[in-house]
Amino acid sequence: MRRAIQRRDAGYDGAFYFAVRTTGVFCNPSCSARKPHARHCVYFRTPSEAIRAGYRPCKRCRPEQADTLAPDWIRPLLARVDSGDGERLTDRDLRAMGLSPFRVRRFFRSKFGMTFQRFARQRRLASAVTHIRKGLDVTTTALRSGYESISGFESAARRAFGTSARRVTAVQPVFSKTINSPIGPLLLGANDEGLCVLSFSEGRSVAANLARLSRQLKCPVLAGPHELLDAAADQLTEYFAGKRREFDLPLHYPGTPFQRAVWSALRRIPYGRTTSYEQLARAVGRPGAQRAVGTANGSNRIAIIIPCHRVVNKSGKIGGYGGGVWRKEFLLELERSAASR
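Residues numbered from 1 in each chain as written. Predicted model: local features only at pLDDT ≥ 70, side-chain atom pairs only at ≥ 80, totals over all residues. Heavy atoms only, no water.

Participant: So what's going on with the overall build of the chain? Which residues, and what values?
Facilitator: Assigned secondary structure in the chain consists of 14 helices and 10 strands. Computed over its C-alpha atoms, the radius of gyration of the chain comes to 22 Å, within 12% of the 20 Å expected for a compact globule of 341 residues. Across its three principal directions, the C-alpha atoms of the chain cover 60 × 60 × 35 Å. When the 341 residues of the chain are sorted by exposure, 50% land in the buried category. For the chain, the share of sequence-separated contacts (at least 6 apart) that also reach a separation of at least 24 residues comes to 58%. Summed over all atoms, the accessible surface of the chain reaches about 17,000 Å², with 48% contributed by carbon and sulfur. Positive and negative side-chain charges in the chain, numbering 58 and 27 respectively, have mean positions lying 7 Å apart. (Helix = DSSP H or I, 4+ residues; strand = E, 2+ residues; numbered from the N terminus. Rg over C-alpha atoms; globule rule 2.2 N^0.38 Å. Buried < 20%, exposed > 50% of the residue type's maximum accessible area, 1.4 Å probe, protein only. Contact = heavy atoms within 4.5 Å. Areas by Shrake-Rupley, 256 points an atom, 1.4 Å probe, with all protein chains shown as cover. Lys, Arg positive; Asp, Glu negative; His and termini not counted. Charge placed at Lys NZ, Arg CZ, Asp CG, Glu CD.)

Put into structure tokens, the structure is as follows:
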């Protein structure tokens, strides 16, 4: 790490961050500011960790942008992928755009839980599925979505859906996207039945969440657009601004009868209020089953909207949280402040 800092190696931006004890500032490895002595440096995995430790972001290299979904350097690439023309971008193309393929791969693994090429393939397939759902024939769809041949499109459809391209409309995929929020990127997933995932998007957990969701719902998960994802993003923006207390989105959360009872009870906890595991156990008719309730609470796949963050210890202490205690504290304080207005 020290060598990367000395070389101002941008290839390591996003891999780690260094803070300087004497100045209270943290930076990207590539920062052009004067390099501090090694004994004054402390290292962090994410900007959020550095901020929680009391350091402020450098105004020169803007390391806090790494906690956003689309820092300035990656936006032209995302725009090209989202253009919908199925363009295939190679490492040579990335270099022509002034981008390091290594840095791009690390960014997509961190934010989306997959490589850039896999992300681009999923967007291409999601675009094709949308075209077929609108009645476009397979041949036109394949060409419009960037596939080099009909057989290539057929192979991609069979790998993802287990069926031919003509029959993909019979399969119910989950479409996913990642959005920005004040507590870091959020991963959203939805199908035609409702929103089925809202989780904190951090590195390997993204891929794990998507794989687990695919197994649980027995369907493929694709990075791609869906109207419910846009609606959820809009309502979450209002929520974080303190302007929304309830969500009116259709939700799809299959589980055991007990899990669904717990998740339904969570949705009844009033905004700006908290409850204990003991009270939640009584609410579902299982007094004394606090441990089982805690397990079901931790299995919630739709954070914030199914507000598992509103459950605290009986003593009033905040307790644990799958997204990190600091996020739980942020959400509870947000709701308390908005509810008191």
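Here the narrative resumes.
Participant: Quick one: what's the story with the sheet that holds strand β5 (residues 174-179), residue by residue and with numbers?
Facilitator: Strand order in the open sheet formed by four strands is β7-β6-β5-β8, with mixed pairing between adjacent strands. Looking along the sheet, the strands with just one partner apiece sit at the ends: β7 (194-200) and β8 (221-223). Across the sheet, the axes of successive neighbouring strands diverge by a mean angle of 25°, strand direction being ignored. Looking at chain direction, β5 and β8 are connected through three bridges and run parallel. Following the sheet pairing, S176 is matched in β8 by A223. The sheet strands contacting helix α10 (residues 227-240) are β5, β6 (186-191) and β7, and the helix crosses β6 at an angle near 140°. (Pairing = 2+ DSSP bridges. Axes fitted to C-alpha atoms, helices over the stretch in contact; angles between N-to-C directions.)

Participant: Can you lay out helix α13 (residues 290-298) for me, pointing to particular residues and giving the numbers?
Facilitator: The α-helix winds at 3.6 residues per turn, so residues separated by three or four positions along the chain end up facing the same way. All buried positions along α13 are accounted for by V293, A296 and N297. End-on view of α13: buried residues confined to an arc of 105°, all on one side of the axis. Among the exposed residues of α13, those pointing more than 90 degrees away from its buried face are R291, T295 and G298. Those residues of α13 hidden inside the fold are in contact with α11 (257-267), α12 (277-283) and β10 (311-312). (Arc of directions from axis to C-beta.)

Participant: Got a sec to walk through the nonpolar core? Specific residues and values, please.
Facilitator: Core analysis: the biggest nonpolar cluster contains 58 residues, and F153, L195, L198, L236, F240 and I304 have the highest contact counts within it. With seven residues, α10 is the single largest residue contributor to this core. Beyond its immediate stretch of four places on either side in the chain, F240 contacts S181, P182, I183, L186, I304, F330, L331 and L334. Counting residues in each nonpolar core, the second largest holds 24 residues, with L78, L99, V174 and C196 among its members. (Core = buried A, V, L, I, M, F, W, Y, C linked by side-chain atoms within 4.5 Å.)

Participant: Break down the pairing of β7 for me, citing the residues and quoting the values.
Facilitator: The two faces of a sheet get side chains in turn, since along a regular strand they alternate between them. Among the seven residues that make up β7, seven are buried, leaving the element largely enclosed by the rest of the structure. Of the strand pairs in this sheet, β6 and β7 are connected by six bridges, and their pairing is antiparallel. Its bridge partner being in β7, G189 is matched across the sheet by V197. Remark: two residues form the turn of the hairpin made by β6 and β7, two consecutive strands paired antiparallel.

Participant: Can you tell me about the sheet that holds strand β4 (residues 56-57), naming the residues and giving the values?
Facilitator: An order of β3-β1-β2-β4 is seen for the four strands of this open sheet, with the pairing classed as mixed. At either end of the open sheet lies a strand with only one pairing partner, and these are β3 (41-44) and β4. Here strand β1 (residues 17-20) pairs with β3 via four bridges, running antiparallel. Across the sheet, residue Y17 finds its bridge partner in β3, namely F44.

None of the figures reported here should be taken as evidence of function without further support.
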